Amino acid sequence: MPHRVVRLQNGLRLLHIPTASPISHFGILIDAGTRDEPAQHPGLAHFVEHTIFKGTEKRNAYRVINRMESVGGDLNASTSKEETDFYASFLSPDYPRAVELLADIFFHAKFPQKELEKEKTVIFEEINYYNDSPSELIFDDFESLVFGTHAMGKNILGTKESVQQIHREDIMAFTAANYTLENVVLASVGNIATDKLIRLCEKYFGNGKATHGAHPRKPFTSYQPKTMNVRKSTSQTNVLTGGPAYDIRHPKRLPFMLLTNILGGQGQNSRLNMSVREKMGLAYTVEAYFNPFSDCGLFSVYFGCDAHERDHCLELVRRELEKLKRQKLGTMQLYYAKKQYIGQIALAQESKLNELLAAGHLALFYDEVADMDENIQAVEKITAEELCDTANEIFDLNRFSTLIFDPEEE
């Protein structure tokens with residue numbers, strides 16, 4: 001049976017996945033991220049994620065942190081292009097503590113000026129970390145290359161200059177516009193009865209008033225392929241190549257996820273890993289990614305290699321892409337590709353926190369979320385013809401963009 005999204009009396013959505021585990025997870029998932037920031041404040045959504053824990057009307061920053069950690073729990077958050085998440089992990093009897101704390105943070109965060117200035121220096125160090133890690137920085141820079149000046153192209157962290165210019169009134173305006181009940185899903189994976197959790201959420205979130213303000217997002221429609229080569233102080237070349245793909249609601253999203261896994265998923269037997277690493281020994285890491293968003297998507301292939309082998313690796317990647325366009329999978333190839341992907345989905349759900357974030361993200365778009373059995377059935381229905389069709393739609397090499405971080409010349 002699918003996991004249904006229920007609504008509190010004020011319209012706030014709640015998704016609960018019951019488990020028998022002694023560890024539970026509860027979170028607030030907000031349909032607002034980097035693309036929803038004002039153009040003049042890059043990094044604002046991420047800055048809010050950092051500073052929302054810095055005190056509420058009744059708790060200072062230490063008391064916010066200590067509320068969960070004093071009972072062995074954990075409090076964390078993340079920001080993406082379209083979403084901001086706040087969540088706690090804890091022993092199941094501490095559900096009331098977690099729900100109350102996250103409600104306090106969501107409704108009553110104060111964003112004290114002293115803490116804002118202190119946190120800016122923390123984010124500066126985070127920016128320094130990514131600038132010193134080209135294998136991670138290249139993913140943000142590739143999105144900027146693909147999406148250009150569109151809001152989807154903004155760096156999640158912003159820049160030191162843009163973060164320095166953020167003030168408390170900017171935060172209050174952003175949260176007032178985006179942290180609204182219609183943009184929120186409460187998500188839970190844990191050992192509590194659904195009716196009991198609903199009562200807890202009614203108690204602590206039920207007083208929030210629903211608003212119906214606009215949440216406009218300009219669709220990304222102006223893609224033009226680009227190639228960029230940047231010199232970096234590194235010992236190897238880092239490469240990302242790819243282009244637009246399906247959005248999260250597209251009917252071919254699941255077949256393309258399977259196809260991406262066949263091409264360059266986490267398995268050591270992926271086609272890219274076998275071709276580039278195992279057979280030729282040219283790269284330590286070579287992987288394919290598919291990131292579906294609300295109204296667009298992005299496919300990419302990453303690898304790191306010796307600078308002299310860069311073009312050879314790119315050619316091997318392109319060969320594998322073309323093979324998937326021309327050659328349908330045989331019966332046994334398709335059978336084992338599905339079996340592997342299903343196993344990976346099941347293993348991923350061993351992390352109940354990952355399950356919460358994945359299911360909660362889907363609940364922002366759907367009124368129900370498929371359970372494991374439904375996911376398996378959907379994967380098993382995928383045909384070799386569908387995989388070939390999606391490959392031919394997305395793997396148009398003439399429309400690929402490529403970002404290369406080459407070592408500085410000696």
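Right, let's get into helix α5 (residues 134-147). Helical geometry note: an α-helix holds 3.6 residues per turn, so side chains three or four residues apart project in the same direction. Counted at 1.5 Å a residue, the expected span for α5 with its 14 residues is 20 Å, and the 19 Å between its end C-alpha atoms agrees. Looking only at α5, the buried set comprises P134, L137, I138, D140, F142, E143, L145, V146 and F147. Among the structural elements, α4 (113-131), β7 (227-232), β8 (237-245), β10 (297-305) and β12 (401-407) are those in contact with the buried residues of α5. Backbone geometry just after α5 places G148 at a positive phi near 60°.

Turning our eyes to something else, we now look at the packing of α4 against α5. Two elements in contact, α4 and α5, have axes whose closest approach is 7 Å; the angle formed by their N-to-C orientations is 100°. Between α4 and α5, the crossing angle belongs to the class labelled roughly perpendicular. Of α5, the residues touching α4 (which contributes Y129, Y130 and N131) are P134, E136 and L137.

What follows covers the sheet that holds β12. Strand order across the open sheet formed by five strands is β7-β12-β8-β10-β9, with mixed pairing between neighbours. Every other strand in the sheet has two partners, leaving β7 and β9 (283-292) as the edge strands with one partner each. Between one strand and the next, the sheet's axes are offset by a mean angle of 15°, whatever the strand orientation. Where β8 and β10 come together, nine bridges link them in antiparallel fashion. Bridging from a neighbouring strand, G242 pairs with S300 of β10. Here α5 sits on the sheet in contact with β7, β8, β9, β10 and β12, set at roughly 145° to β12.

Scanning all chains against the criterion turns up 24 salt bridges. For D104, the salt bridge identified is with R59, shortest N-O distance 2.8 Å. With a gap of 45 residues between them, D104 in helix α3 (residues 95-108) and R59 in the loop between α1 (44-51) and α2 (61-69) connect regions that are remote in the sequence. Neither residue differs from the other here; D104 and R59 are each classed as buried. The partner of E355 in a salt bridge is K352, and the shortest N-O contact between them spans 3.3 Å. A residue pair is termed a helical-turn pair when its members lie 3 or 4 positions apart in one helix, as E355 and K352 do in helix α13 (residues 352-363) at three residues. Here K352 falls in the partly exposed class, since its relative accessible area comes to 28%. Shared partners join several salt bridges into a network, and the residues in it are D31, R35, D36, E82, R217 and D295.

Right, let's talk about the nonpolar core for a bit. Ranked by size, the top nonpolar core spans 48 residues in total, and within it F26, L186 and F205 carry the most contacts. If sequence neighbours within four positions are ignored, L186 has contacts with L8, L12, R13, L14, L15, F26, G27, I28, C201 and F205. Counting 41 residues, the second-largest nonpolar core is a separate cluster that includes V301, F303, L329 and A384.

Before going further, it helps to examine unusual backbone geometry. The phi dihedral of F111 is positive, around 50°, even though this residue is not glycine. Examined against the element boundaries, F111 turns out to sit in the loop between α3 and α4. Here F111 falls in the buried class, since its relative accessible area comes to 3%.

Below, the discussion takes up the sheet that holds strand β2 (residues 13-18). Read across the sheet, seven strands follow the order β4-β5-β3-β6-β2-β1-β11 without closing on themselves; strand pairing throughout is mixed. A single partner strand is all that each edge strand has here, and the edge strands are β4 (74-79) and β11 (368-369). The pairing of strand β3 (residues 23-30) with strand β6 (residues 184-190) spans six bridges and is antiparallel. Bridge pairing in β6 links F26 to S188.

With that out of the way, let us pick up helix α9 (residues 253-264). For α9, with 12 residues, the first-to-last C-alpha span of 16 Å sits near the 16 Å given by 1.5 Å per residue. Counting buried positions over the 12 residues of α9 gives 10, a clear majority of the element. Within the span of α9, buried status applies to R253, P255, F256, L258, L259, T260, N261, I262, L263 and G264.

Below, the discussion takes up the pairing of β12. Among the seven residues in β12, seven count as buried, and that is most of the element. Burial along β12 is two-sided: the residues S401, L403, F405 and P407 and T402, I404 and D406 are all buried. Inspection of the sheet shows β7 paired to β12 by six bridges, in the parallel sense. Looking at β12, one finds that M228 is bridged to L403. Two elements, β8 and β12, share five bridges in a ladder whose sense is antiparallel. Paired with G242 across the bridge in β12 is S401.

Of all six residues in β2, five are buried; the element is thus mostly enclosed. Where strand β1 (residues 3-7) and β2 come together, three bridges link them in antiparallel fashion. By the bridge assignment, V6 is partnered in β2 with L14. Hairpin connection, β1 to β2: the antiparallel pair is bridged by five residues, and G11 has positive phi, about 95°. Direction of pairing for β2 relative to β6: parallel, over a ladder of six bridges. Residue pairing for β6: L14 is matched across the bridge by L186.

What counts and what doesn't
- Residues numbered from 1 in each chain as written.
- Predicted model: local features only at pLDDT ≥ 70, side-chain atom pairs only at ≥ 80, totals over all residues.
- Heavy atoms only, no water.
- Helix = DSSP H or I, 4+ residues; strand = E, 2+ residues; numbered from the N terminus.
- Expected span 1.5 Å × (residues − 1).
- Buried < 20%, exposed > 50% of the residue type's maximum accessible area, 1.4 Å probe, protein only.
- Contact = heavy atoms within 4.5 Å.
- Axes fitted to C-alpha atoms, helices over the stretch in contact; angles between N-to-C directions.
- Parallel < 35°, antiparallel > 145°, perpendicular 65-115°, else oblique.
- Pairing = 2+ DSSP bridges.
- Salt bridge = Lys/Arg side-chain N within 4 Å of Asp/Glu carboxyl O.
- Core = buried A, V, L, I, M, F, W, Y, C linked by side-chain atoms within 4.5 Å.

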